[in-house]
Amino acid sequence: MTELEIMERAQMYMENLANGINPLNGEFIPEDELVNNVRISRCFFYVADVLRQVIENGGVSAAKPGKKGKKQPFSLTTEQRERYELSNVPLTVTEFAKRISALGDTENMQKLCYKSIRKWFVDVGFLLEEEHEGKRSVHPTDAGLQNGIWEEERERLSGGTYKVVRYGPDAQQLVMDNLDAIIAINNQPKKEKTYEANNI
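Residues numbered from 1 in each chain as written. Predicted model: local features only at pLDDT ≥ 70, side-chain atom pairs only at ≥ 80, totals over all residues. Heavy atoms only, no water.

**Considerations on the side chain of Arg-166**
Structurally, Arg-166 is set in strand β5 (residues 161–167). For Arg-166, a relative accessible area of 10% gives the class buried. If we skip the residues at most four places from it in the chain, Arg-166 touches Val-89, Pro-90, Leu-91, Thr-92, Gly-148, Ile-149, Trp-150, Glu-152 and Arg-154. (Helix = DSSP H or I, 4+ residues; strand = E, 2+ residues; numbered from the N terminus. Buried < 20%, exposed > 50% of the residue type's maximum accessible area, 1.4 Å probe, protein only. Contact = heavy atoms within 4.5 Å.)

**Quick notes on helix α4 (residues 93–101)**
Every buried residue of α4 is accounted for by Val-93, Thr-94, Phe-96, Ala-97, Ile-100 and Ser-101. The buried side chains of α4 occupy one side of the element, clustering within an arc of 160 degrees when seen end-on. Here the buried face of α4 lies against β1 (91–92), α5 (114–123), β5, α7 (169–177) and α8 (179–186). (Arc of directions from axis to C-beta.)

**Points about the pattern of salt bridges**
A full pass over the atoms with the stated rule returns seven salt bridges. Close ionic contact of Glu-152 with Arg-154 constitutes a salt bridge, the shortest N to O distance being 3.1 Å. Note that Arg-166 is salt-bridged to Glu-152, the shortest N-O span being 3.7 Å. Taken as a pair, Arg-166 in strand β5 and Glu-152 in strand β4 (residues 149–155) lie far apart in primary sequence, 14 residues in all. A relative accessible area of 30% places Glu-152 in the partly exposed class. One network of salt bridges, with partners in common, ties together Glu-152, Arg-154 and Arg-166. (Salt bridge = Lys/Arg side-chain N within 4 Å of Asp/Glu carboxyl O.)

**Describing the packing of aromatic side chains**
For the structure shown, the criterion picks out four aromatic pairs. A ring pair is formed by Tyr-84 and Phe-96, whose centres lie 5.8 Å apart and whose planes are at 50 degrees; its orientation type is tilted. Here Tyr-84 is found in the loop between α3 (78–82) and β1, whereas its partner Phe-96 is found in helix α4, with twelve residues between them in sequence. Phe-96 shares its class with Tyr-84; the two are buried. (Phe/Tyr/Trp six-rings, centres within 6.5 Å; stacked < 30°, edge-to-face > 60°.)

**What about the sheet that holds β4?**
Two modes of strand pairing occur in sheets, parallel and antiparallel, and in both the strands are linked by backbone hydrogen bonds. Read across the sheet, three strands follow the order β1-β5-β4 without closing on themselves; strand pairing throughout is antiparallel. With one partner strand each, in any of the chains shown, β1 and β4 form the two edges of the open sheet. Where β1 and β5 come together, two bridges link them in antiparallel fashion. The residue bridging Leu-91 from the neighbouring strand is Tyr-167, located in β5. (Pairing = 2+ DSSP bridges.)

**Observations concerning the nonpolar core**
If you look at the biggest cluster of nonpolar residues, it comprises 29 residues, and the most contacted ones within it are Ile-100, Ile-117, Phe-121, Ile-149, Tyr-167 and Val-175. For this core, the secondary structure elements donating two or more residues are α4, α5, β5, α7 and α8. Core analysis: the second largest hydrophobic core is formed by seven residues, Met-14, Ala-18, Ile-29 and Ala-48 among them. (Core = buried A, V, L, I, M, F, W, Y, C linked by side-chain atoms within 4.5 Å.)

Written out as structure tokens, the structure reads:
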């Protein structure tokens, strides 16, 4: 394996981890695991982007670092939004965020973070966030259950079970109908977003 191929694999691993995916088996990592912490996730995104730039430069660091333009805040045109197809198979919030991000300019634009979708559902009362032994988790409220959000129990590879919140077509439609509010959460300045992420 060449050094460039090793970089490509490392970049793929970092991007998967940033999106809450286990790069070794393709399975979604439980939302309460450390790798899904917003700060850790941002670090993974940063490293993945640095590796991508090095790969695009043939495997060497750019001669003039910082010349590459900063990525634009996430946004979607009306036409791009209309291309989203509701999934009859319930999605995790990570899968959902990836599908919406893919509608935009993935090369020059930041991605829609799944935490922005989840925070919006908490804000409108469809999810309840709880803290237990230092870990935060969300659970659908009665209003959430009535709008296509529910929990599914899964088994950990290491033993035991955990719950995953899944979003059906009705919940997906809610997000698409309120996407501007979710994008506003997503595009908050980093300091403000970090503060809120630590206090929700």
